[in-house]
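Spelled out, the chains give:
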Amino acid sequence: MTDEIKLPVQIVEIEDDFIGQRIDNYLIARLKGVPKSVVYRVLRKGEVRVNKKRIKPEYKLQQGDTVRIPPFTVAPEGEAVSVKLSLVKNLEQHILFEDKDLIVLNKPSGMAVHGGSGLKFGVIEALRALRPLAKHLELVHRLDRDTSGCLLIAKKRSVLTHLHAQLRDKTVEKKYWALVAGDWDNKVRKVTDALRKNTLQSGERVVKVDEVNGKPSETRFRILQRYQEGTLVEAFPVTGRTHQIRVHTACKGHPIACDDKYGDNAFTQQMQQLGLNRLFLHAKTLSFMHPNTETTLRIEAPLETVLEQALEKLTRK
C-alpha cells in the first residue's frame, strides 16, 4: 500500500513506567498498526535486541535497558479523534474524579469503551484526544456499550498494574443498579449459575448458563425498591464475566428493562412507553484502593436523567 508508513530503526531507553513489562507487550503497545504476528516473528528471529542481546518474548524490561527496534512498516492511523465533536467534548462533564494517576468517568450509555467493529472511536480514544499529555491512558476494566456508570482509567502503567492486581484479588467493589421485571424473590441474594460465552459469526457475543462447560460466576443481589411494574435491585458481581448481571437476572426470570439480548419484550415495551430508551443497568459505585495514596476511594455515579425519570413514573409498593 502506498499510504503505509515505514518506521526506521529505533533505539529506545526504557522509562521507569515500563520496568517489569514484557517486551512483547511493550512492542505491541508501541507499534500500533503492526500485526501481533509480525511482532512475534521479529522477536523469534532475534531482530529485537535488548542491550545488544537477543531476548525471548517473555523477557521483562529492567531499569537501564536499551531496546533496538528494527524497521517496521505500519498501517496509517485513522483520523484523529476531534475534541470538537460534541460526544467527545461532553465527556469532560462526565469525569467524576481525576488526579495525576487516574480518571473515574460516568460513562454514558450507548458509547463503547473503545473503537473497533465499525466504531471510529470509544471512550478511551476520546479521552486520549482530551488529554494529549497523558501518554499512557489505558482502560482498567470495561463496561458494556449500553451500560452507564463508573469506568476506571489509569494514566500510568504502574497504576494500571496495581489496579489490575486489585481486580484479580477481588478487592475492587463494583455495585450496579438494575431495574428488572417482576417481583424479585427476597430469598435470592446470590446467583452462582456458571456462564459460557459464545461468539457468533457476526462477532456478536452471547452468554448462556452452562453448568457443564461454563465458568464459575457469582453475583450478589439486594432489593432497593419494589414497584408494581418491577424491582430496582443492586447487583454486586463477585466475578467479572461478560454480560454476567444481565444473564444472572434473566436466568432467574427477572430480565433487565430494555435488554435487547436477554430481555423480555413485553416488559421492555412497557418501559419504553414510560420513555425508557436504554438498558437500565448502571455502574453506581466503585470502591478501590488508590495505588499511590493507599486510601480507599468510593466514587458514586449519578443516574442519567432518563433513568431517574423512568423510576419517577413507576408505582412504588
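These numbers come from a predicted model, not from an experiment. (Residues numbered from 1 in each chain as written. Predicted model: local features only at pLDDT ≥ 70, side-chain atom pairs only at ≥ 80, totals over all residues. Heavy atoms only, no water.)

1. Structural notes on the overall build of the protein chain
Here's step 1: Along its length, the protein chain carries eight helices and 18 strands.
Here's step 2: In terms of principal-axis extent, the alpha carbons of the protein chain reach across some 70 × 45 × 45 Å.
Here's step 3: Contacts in the protein chain between residues at least 24 apart in sequence constitute 63% of all its contacts with a sequence separation of at least 6.
Here's step 4: Here the protein chain has roughly 17300 Å² of accessible surface; of this, 48% comes from carbon and sulfur atoms.
Here's step 5: Charge centroids of the protein chain, computed over 53 positive and 39 negative side chains, lie 4 Å from each other. (Helix = DSSP H or I, 4+ residues; strand = E, 2+ residues; numbered from the N terminus. Contact = heavy atoms within 4.5 Å. Areas by Shrake-Rupley, 256 points an atom, 1.4 Å probe, with all protein chains shown as cover. Lys, Arg positive; Asp, Glu negative; His and termini not counted. Charge placed at Lys NZ, Arg CZ, Asp CG, Glu CD.)

2. Let's talk about helix α6 (residues 244-251)
Here's step 1: Taken across its eight residues, α6 has six buried, putting it largely inside the fold.
Here's step 2: Buried within α6 we find Q244, I245, R246, V247, H248 and T249.
Here's step 3: Of the residues one or two after α6, G253 is the one with positive phi, at around 85 degrees. (Buried < 20%, exposed > 50% of the residue type's maximum accessible area, 1.4 Å probe, protein only.)

3. Here's the deal with the packing of aromatic side chains
Here's step 1: On inspection of all chains with the given rule, the structure shows two aromatic pairs.
Here's step 2: Considering the side-chain rings of W184 and F221, the 4.6 Å spacing of their centres and the 45 degrees angle between planes classify their relative orientation as tilted. Taken together, the positions of W184 in the loop between β11 (173-181) and β12 (190-191) and F221 in strand β15 (residues 219-226) put the pair 37 residues apart, joining distant regions of the chain.
Here's step 3: Classification of F221 by relative accessible area gives buried; the value is 7%.
Here's step 4: A cation sits over an aromatic face here: K284 above W177, 4.8 Å from the ring centre. (Phe/Tyr/Trp six-rings, centres within 6.5 Å; stacked < 30°, edge-to-face > 60°. Lys NZ or Arg CZ within 6 Å of the ring centre and 35° of its normal.)

4. Some points on the packing of helix α1 (residues 23-30) against helix α2 (residues 36-44)
Packed helices, taken two at a time, are described by the angle between their axes plus the distance between the axes.
Here's step 1: Packing of α1 against α2 brings their axes to within 10 Å, and their N-to-C directions diverge by 135 degrees. When the axes of α1 and α2 are compared, the pair comes out oblique. Crossing of α1 against α2: the hand is right-handed. Along its contact with α1, which presents I23, D24, L27 and I28, the element α2 presents K36, V39, Y40 and L43. (Axes fitted to C-alpha atoms, helices over the stretch in contact; angles between N-to-C directions. Parallel < 35°, antiparallel > 145°, perpendicular 65-115°, else oblique. Left-handed = near helix turned anticlockwise from the far one by under 90°.)

5. What about the sheet that holds strand β5 (residues 66-69)?
Here's step 1: Across the sheet, four strands lie side by side as β2-β5-β3-β4; this open sheet has antiparallel pairing. The strands lining the two open edges of the sheet, one partner per strand, are β2 (10-13) and β4 (53-54).
Here's step 2: Of the strand pairs in this sheet, strand β3 (residues 49-50) and β4 are connected by two bridges, and their pairing is antiparallel. Residue pairing in the sheet places R49 in a bridge with R54 of β4. (Pairing = 2+ DSSP bridges.)

6. Some remarks on the nonpolar core
Here's step 1: By size, the foremost hydrophobic cluster in this structure holds 63 residues, and its most contacted members are I153, L179, F280 and F288.
Here's step 2: Beyond its immediate stretch of four places on either side in the chain, F288 contacts L102, V104, L152, L163, Q166, V172, T295, T296 and L297.
Here's step 3: The next biggest cluster of nonpolar side chains, apart from the first, holds 20 residues, and it includes L27, L31, V50 and Y59. (Core = buried A, V, L, I, M, F, W, Y, C linked by side-chain atoms within 4.5 Å.)

7. Structural notes on a positive patch on the surface
Here's step 1: Side chains of R142, K170, K197, R205, K215 and R241 sit close together on the surface and give a patch of like positive charge.
Here's step 2: Along the chain, R241 falls in the loop between β16 (230-237) and α6.
Here's step 3: Judged by its relative accessible area of 30%, R241 falls in the partly exposed class. (Patch = residues over 30% accessible without salt bridge, like charges linked within 9 Å, V, L, I, M, F, W, Y side chains within 5 Å. Salt bridge = Lys/Arg side-chain N within 4 Å of Asp/Glu carboxyl O.)

8. Looking at the side chain of D259
Here's step 1: Considering the arrangement of structural elements, one finds D259 in the loop between α6 and α7 (265-273).
Here's step 2: Of the residues examined, D259 reaches a relative accessible area of 4% and is grouped as buried.
Here's step 3: Once residues lying within four places of it in the same chain are set aside, the contact partners of D259 are R246, T268 and L279.

9. Looking at the state of the cysteines
Here's step 1: The tally for this structure, following the rule as stated, stands at zero disulfides.
Here's step 2: As a non-bridged cysteine, C258 has C251 as the owner of its nearest cysteine sulfur, 20 Å distant.
Here's step 3: C258 sits in the buried class, given a relative accessible area of 12%. (Disulfide = S-S within 2.5 Å.)

10. Remarks on unusual backbone geometry
Here's step 1: The backbone phi angle of H243 is positive, close to 55 degrees, even though this residue is not glycine.
Here's step 2: Locating H243 in the fold gives a position in the loop between β16 and α6.
Here's step 3: The phi dihedral of C258 falls on the positive side, at around 60 degrees, and the residue is not glycine.

11. What about α7?
Here's step 1: Buried within α7 are the following residues: F267, T268 and M271. Angularly, the buried residues of α7 cover 100 degrees about the axis, an arc narrow enough to put them on a single face. In α7, the exposed positions angled more than 90 degrees off the buried face are occupied by N265, A266 and Q273.
Here's step 2: Of the surrounding secondary structure, the elements contacted by the buried residues of α7 are β11.
Here's step 3: Once α7 finishes, G275 follows within two positions and takes phi at roughly 100 degrees, a positive value. (Arc of directions from axis to C-beta.)

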